[in-house]
Amino acid sequence: MRTYAVYILASRSRRIYVGVTGNLTSRLLAHRNGCSAFTAKYLINRLVFVETTTDVRAAIRREKQIKGWTRAKKVALIESMNPTWEDLSVAWNLLPASLSSSTSLSS
């Protein structure tokens, strides 16, 4: 059975982006390679929140619901699961170390 993910990416300055995908690893790679002008412009590439479901319609509804929320409500959602806004893709080994946001954005 296929799994769909509703995800939130953030920049180090906590600008956020909400999306939905059927392949989270591939989508993260695409974001980090500049597939989206918005995420590339603001360096939004840290995975800070994920919800999964096997129902694609439910995933799309949830994405739209979250996108309609105020910023404060989105922040509260992120912080309920990830209070320090850590890049979850690193802990979950979703991407090669060379593509992790912690190495690509460090100064």
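First things first, this report covers the structure right here in the doc.

The rules we used
Residues numbered from 1 in each chain as written. Predicted model: local features only at pLDDT ≥ 70, side-chain atom pairs only at ≥ 80, totals over all residues. Heavy atoms only, no water. Helix = DSSP H or I, 4+ residues; strand = E, 2+ residues; numbered from the N terminus. Buried < 20%, exposed > 50% of the residue type's maximum accessible area, 1.4 Å probe, protein only. Contact = heavy atoms within 4.5 Å. Areas by Shrake-Rupley, 256 points an atom, 1.4 Å probe, with all protein chains shown as cover. Pairing = 2+ DSSP bridges.

Scanning the protein from N- to C-terminus turns up 6 helices and 3 strands. In the protein, the succession of helices and strands from N to C terminus is β-β-α-α-β-α-α-α-α. Evaluated residue by residue, the protein yields a buried proportion of 40% over its 107 residues. Within the protein, contacts between residues separated by at least 24 positions form 64% of all contacts whose residues are at least 6 apart in sequence. Just so you have it, the protein exposes about 6100 Å², and 52% of that area is on carbon and sulfur atoms.

To continue, consider unusual backbone geometry. Residues apart from glycine generally show negative phi values, whereas peptide bonds are mostly found in trans. Although it is not a glycine, R14 sits at a positive phi angle of roughly 70°. Mapped onto the secondary structure, R14 falls in the loop between β1 (4–10) and β2 (16–21). We classify R14 as partly exposed; its relative accessible area is 33%. One non-glycine residue, L43, lies in the positive phi region at around 55°. Here L43 shows up in the loop between α2 (37–41) and β3 (46–53).

Of all 6 residues in β2, 5 are buried, a share of seventy percent or more. Bridge analysis of β1 against β2 gives 6 bridges, and the strand direction is antiparallel. In the strand pairing of β2, A10 is matched with I16. Hairpin connection, β1 to β2: the antiparallel pair is bridged by 5 residues, and R14 has positive phi, about 70°.

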